[in-house]
Every structure is written in C-alpha cells, then in structure tokens.
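Overview (structure and organization)
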Amino acid sequence: MAVSRIKAIIPGDIHQVWDVVLSVEKYTWRTDLSKTERIHEKAFIEYTKEGFPTTLTTTLLEPCRRWEFDMENANMKGHWTGVFTSRGKETEICFTEEVTAKKFFFRPFVKWYLKKQQARFVSDLKRAVIQANSGENLS
C-alpha cells in the first residue's frame, strides 16, 4: 500500500474552501476531470479528461472539519482523508491517500502518481478559491 500526504494553506476561509472541495457537481475548477456523476447521496464517479472513471463513496463527513471516502477504479483501491483547519482568513488542508494498486506492474509508480495528483489538486483548489474571491468565473 502506498501512502501520500500533502499539507497546504489555502487563501480562503474554511467555509469557502470546504464548499469548493465538496461541490461534486461543480467540478470545473479541477483541471484533471471531464465530468462527475452522482450515484446517490454518499457516492459519485469522477471521470478523467480521458474518460476513465473512479468511484468515490463517503465514509465520514464532519462539516468544515473532515471528509473521508473510499475510492476505487480498475487500477487501484484506496481511502482518502481530508482534514480542514481554520487559520482565520486562510484554511490549512491535510489530505492523505492510502492506495493499493490492483495490477502488479503499477505498484512501483503509485506513490509518484499520488504525489503528482495531490499537487495538481492543491494547485487547482488555490486557483479556484483565489478566482472566487476576485469574482472571476471558475470555468
């Protein structure tokens, strides 16, 4: 199992950051996704730009504090934990992913891939919050 963690400060209050991250239907701030599809209240599917689906199922939700979900696709299975901490007008995030590759030949690349994806997510999130604060359109 590969584990990857990223911490960052996002330039927005905790409610704003929480709303952006948890707004499944408003995914356009994510540069890695082509669409999302809600299955039911606790589960949804994210599709990469190439159309590759990953199913995410919420396992814990503590508003403006913590969001956890299981994730699975054809290549991996794992768990994601997001912890949100208010720092006044900023928000500290700590996102942890624990992933097991389903295919033997992917195992050496999982940690590198997770780090790359986490960095992209944080970069996209910062951009989205900054744009929202300036009144710009997020798409």
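Before reading on, note that the structure itself is shown above.
To keep things clear, this report deals only with the structure shown in the data block. Since the model is a prediction, treat every value here as computed from it, not as a measurement. (Residues numbered from 1 in each chain as written. Predicted model: local features only at pLDDT ≥ 70, side-chain atom pairs only at ≥ 80, totals over all residues. Heavy atoms only, no water.)

This paragraph deals with the sheet that holds strand 4 (residues 53-62). Spatially, the seven strands line up as an open sheet ordered 1-7-6-5-4-3-2, and their pairing is antiparallel. Looking at the sheet topology across the chains shown, the edges are occupied by strand 1 (2-10) and strand 2 (33-40). Taken over all neighbouring pairs, the strand axes of this sheet differ in orientation by 20° on average, direction set aside. When strand 3 (residues 43-48) meets strand 4, the two strands line up antiparallel, connected through five bridges. Paired with Tyr47 across the strands is Pro53, a residue of strand 4. The strands touched by helix 1 (residues 14-22) are strand 1, strand 4, strand 5 (66-72), strand 6 (76-87) and strand 7 (90-101); relative to strand 6, the strand with the most contacts, the crossing angle is about 160°. Contacts from helix 2 (residues 110-134) reach strand 1 and strand 7, with the element oriented near 20° to strand 1. (Pairing = 2+ DSSP bridges. Helix = DSSP H or I, 4+ residues; strand = E, 2+ residues; numbered from the N terminus. Axes fitted to C-alpha atoms, helices over the stretch in contact; angles between N-to-C directions. Contact = heavy atoms within 4.5 Å.)

Take the environment of Arg87 next. Position of Arg87 relative to the elements: it lies in strand 6. Between the C-alpha atom of Arg87 and that of Pro11, which follows or precedes it by 76 residues, the distance is 9.6 Å.

Counting buried positions along strand 3 gives six out of six residues, so the element sits mostly inside the fold. Side-chain alternation along strand 3 places Ala43, Ile45 and Tyr47 on one buried face and Phe44, Glu46 and Thr48 on a second face that is also buried. As paired strands, strand 2 and strand 3 are joined by six bridges and run antiparallel to one another. Within the sheet, the bridge partner assigned to Thr36 lies in strand 3 and is Glu46. (Buried < 20%, exposed > 50% of the residue type's maximum accessible area, 1.4 Å probe, protein only.)

So, on to the nonpolar core. Grouped together as the largest cluster of nonpolar side chains are 31 residues, with contacts concentrated most on Ile10, Val17, Phe84, Ile93 and Leu125. Elements with a contribution of two residues or more to this core: strand 1, helix 1, strand 5, strand 6, strand 7 and helix 2. Take this core: its biggest share by element is seven residues, from helix 2. Each residue touching Val17, except ones within four places of it in the same chain, is listed here: Ile10, Gly12, Phe84, Thr91, Ile93, Leu125 and Val129. (Core = buried A, V, L, I, M, F, W, Y, C linked by side-chain atoms within 4.5 Å.)

Turning our attention to the pattern of salt bridges. Per the counting criterion, the structure on display carries eight salt bridges. In this structure, Glu46 and Arg30 form a salt bridge, with 2.9 Å as the shortest nitrogen-oxygen distance. With a gap of 16 residues between them, Glu46 in strand 3 and Arg30 in the loop between helix 1 and strand 2 connect regions that are remote in the sequence. Residues Glu46 and Arg30 agree in their burial class; the two are buried. (Salt bridge = Lys/Arg side-chain N within 4 Å of Asp/Glu carboxyl O.)

Don't take any of this as a statement about function, it's just geometry.
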